[in-house]
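One-letter residues, chain by chain:
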Amino acid sequence: MSLSSHLTELKKKHDHLSTEVENAQRMPSTDGLEIAGMKKQKLKLKEEIERLSSELETA
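All residue numbers refer to positions counted from 1 along the written sequence of the respective chain. Since the coordinates come from a predicted model, pLDDT governs what is reported: local features require at least 70, and pairs of side-chain atoms require 80 or more to be given and counted, while whole-chain, interface and lining totals use all residues. Calculated side-chain values reflect all of the structure's heavy atoms, with hydrogen atoms and water omitted.

## Concerning the overall build of the chain
Okay, so step 1: Here a helix means four or more residues in a row that DSSP labels H or I, a strand means two or more in a row labelled E, and each is numbered from the N terminus. In terms of regular secondary structure, the chain is built from two helices and zero strands.
Okay, so step 2: The C-alpha radius of gyration computed for the chain amounts to 14 Å, which surpasses the reference 10 Å derived for 59 residues by more than 25%, pointing to a less compact arrangement than a globule.
Okay, so step 3: Overall, the C-alpha framework of the chain stretches about 45 × 15 × 15 Å when taken along its three principal axes.
Okay, so step 4: Residues counted as buried form 24% of the 59 residues belonging to the chain.
Okay, so step 5: Contacts: residue pairs with any heavy atoms within 4.5 Å of one another. Summarising the internal contacts of the chain: among those between residues at least 6 apart in sequence, 70% fall at separations of at least 24.
Okay, so step 6: Here the accessible surface of atoms and residues is derived via Shrake-Rupley with a 1.4 Å probe, and residues count as covered only by protein chains that are part of the display. In the form shown here, the chain has an accessible surface area of approximately 4500 Å², with 54% of it arising from carbon and sulfur atoms.
Okay, so step 7: With 10 positive and 11 negative side-chain charges, the chain shows a separation of 1 Å between the mean positions of the two kinds. For the radius of gyration, the atom set is restricted to C-alpha positions; the globular benchmark scales as 2.2 Å times the number of residues to the power 0.38. Three labels apply to residues, based on accessible area from a 1.4 Å probe with only protein chains included: buried if under 20% of the type maximum, exposed if over 50%, partly exposed otherwise in between. Counted as positive: Lys and Arg. Counted as negative: Asp and Glu. His and the chain ends are not counted at all. Lysine's charge is taken at NZ, arginine's at CZ, aspartate's at CG and glutamate's at CD.

Listed below in structure tokens is the structure:
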């Protein structure tokens with residue numbers, strides 16, 4: 001898998017997770033810890049996207 005296609009997949013996962021977080025926050029029955037976990041995953045994806053983007057720019 002090329003770096004750019006991997007980056008595209010990570011961005012898709014990040015966008016999907018953003019939607020899940022937004023939906024979970026609208027539902028009062030959703031556990032706060034579950035939302036916090038999703039936000040943590042989202043942040044890790046964002047950091048990885050930024051790292052790979054900078055690698056792609058310098059290549």
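## What to know about the packing of helix α1 (residues 3–26) against helix α2 (residues 32–58)
For any two helices packed against each other, one specifies the crossing angle of their axes together with the interaxial distance.
Okay, so step 1: Closest axis-to-axis distance for the α1/α2 pair is 9 Å, and the angle between their directions is 155°. The orientation of α1 with respect to α2, classified from their angle, is roughly antiparallel. For the element pair α1 and α2, the recorded crossing hand is left-handed.
Okay, so step 2: We call Asp, Glu, Lys and Arg charged. Ala, Val, Leu, Ile, Met, Phe, Trp, Tyr, Cys and Pro are nonpolar, and the rest, Gly among them, are polar. Partitioning the contact of α1 with α2 into residue classes produces twelve nonpolar, seven polar and eight charged. Every axis corresponds to a line fitted to the C-alpha atoms, with the helix fit spanning only the stretch in contact, and the corresponding angles, defined between N-to-C directions, vary from 0 to 180 degrees. Any angle between 65 and 115 degrees counts as roughly perpendicular, while under 35 counts as roughly parallel, over 145 as roughly antiparallel, and the rest as oblique. Crossing handedness is defined as follows: a turn of the near helix away from the far one that is anticlockwise and smaller than a right angle gives a left-handed crossing, while the clockwise case is right-handed.

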